[in-house]
Amino acid sequence: VTVYYLASAAIMVCISDLIAKWGPRLFATVGAVTMGISLYLISHTRTVLDVFFAYLAMAPAFAMLTNAAVANIIAPWFVHKRGLAMSLALAGGAVGGFVIVPTLVWLSGQLTFSAALQTISTITIPLLLVAILFCISNPTATEVGVINAGNRGTETVNSMTRRQALGSAHYWTIAAPLMLAIMVQVGFVVHQVSFLFPVLGRDGAGGAVFLTASMAALSRVIVGFFIDRLDQRLLGATLLVAQACSL
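Residues numbered from 1 in each chain as written. Predicted model: local features only at pLDDT ≥ 70, side-chain atom pairs only at ≥ 80, totals over all residues. Heavy atoms only, no water.

(A) Spotlight on the packing of helix α2 (residues 15-22) against helix α3 (residues 24-43). Relative to each other, α2 and α3 sit at 120 degrees, their axes nearing to 6 Å. One way to sum up the angle between α2 and α3 is to call them oblique. Contacts from Ile15, Leu18, Ile19 and Trp22 in α2 reach Pro24, Leu26, Phe27 and Val30 in α3. In the contact of α2 with α3, the residues fall into eight nonpolar, no polar and no charged. (Axes fitted to C-alpha atoms, helices over the stretch in contact; angles between N-to-C directions. Helix = DSSP H or I, 4+ residues; strand = E, 2+ residues; numbered from the N terminus. Parallel < 35°, antiparallel > 145°, perpendicular 65-115°, else oblique. Contact = heavy atoms within 4.5 Å. Nonpolar A, V, L, I, M, F, W, Y, C, P; charged D, E, K, R; others polar.)

(B) How the structure looks around the environment of Val99. Tracing the backbone through its elements, the reader meets Val99 in helix α6 (residues 82-110). In this structure Val99 comes out as partly exposed when scored by relative accessible area, which is 38%. In the structure, Val99 is positioned 115 residues away from Ser214 in sequence and 9.2 Å away in space, judged by C-alpha atoms. (Buried < 20%, exposed > 50% of the residue type's maximum accessible area, 1.4 Å probe, protein only.)

(C) Seen up close, the packing of aromatic side chains. Taken as a whole and assessed by the stated rule, the structure comprises four aromatic pairs. On the numbers, 5.6 Å between centres and 75 degrees between planes, the contact of Tyr4 with Tyr55 is edge-to-face. On the criterion of sequence distance, the pair formed by Tyr4 in helix α1 (residues 2-12) and Tyr55 in helix α4 (residues 48-65) is long-range, its members being 51 residues apart. Tyr55 sits in the partly exposed class, given a relative accessible area of 26%. A centroid spacing of 6.4 Å and a plane angle of 45 degrees characterise the contact between Trp22 and Phe27, whose relative ring orientation is tilted. You can call Trp22 partly exposed: its relative accessible area is 35%. Each member of the aromatic cluster is reached from another via a ring pair, and the members are Tyr4, Tyr55 and Phe62. (Phe/Tyr/Trp six-rings, centres within 6.5 Å; stacked < 30°, edge-to-face > 60°.)

(D) Structural view of the side chain of Thr34. When you line up the elements, Thr34 lands in helix α3. With relative accessibility at 19%, the residue Thr34 sits in the buried group. The residues contacting Thr34, other than those within four sequence positions of it, are Ala57, Pro60 and Ala61.

Below, the structure is given as structure tokens:
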């Protein structure tokens, strides 16, 4: 799992360039197909080496379908409500947490883990491909004009190259604390079932994941409604302190 996250983090650096080169629809389609392949490999693992290969295959899929990709695909469409749009889109991950994870846990008890994973992937991957086909695209020239018109009167944001951003102290005051916070969040989520299973059992651990993901989805939507009107640094720090207290 550690190698998987490291590999996906390395790929995320190139996400914006790939979306610009391929277009968002093709980019997301490649990510979905790669996810389907990796899930198939995971369901057929027999050795430790198989697990490493399967998770390495999933790394680009994760990078192409998660936060960085979602931000790059959604950003051109929104000016004033970008925070809310991002919150709603990223809530999909939490929805997966309180729908897919408990369902996978339950199905694994009825069938086998391999059969349960194949069943879920057979249903979700085609649905994902259909959603990408009909819902993801670049704004047309007319739509870009409407978006730019809506941007009049707002504060001008100076664009930066990747090299300039990495050399900016202001950038690192934002990125470094968030990296530490996400590191803790990922560590908790990855091991949540493992340390709850001996205490709560399979169904109880699945229920705990359901509750965690439900609150994450609800919080994203609620915060998204007013994030653009608040001091985002202060709000972010407050939410991270709340998470630390809960841990």
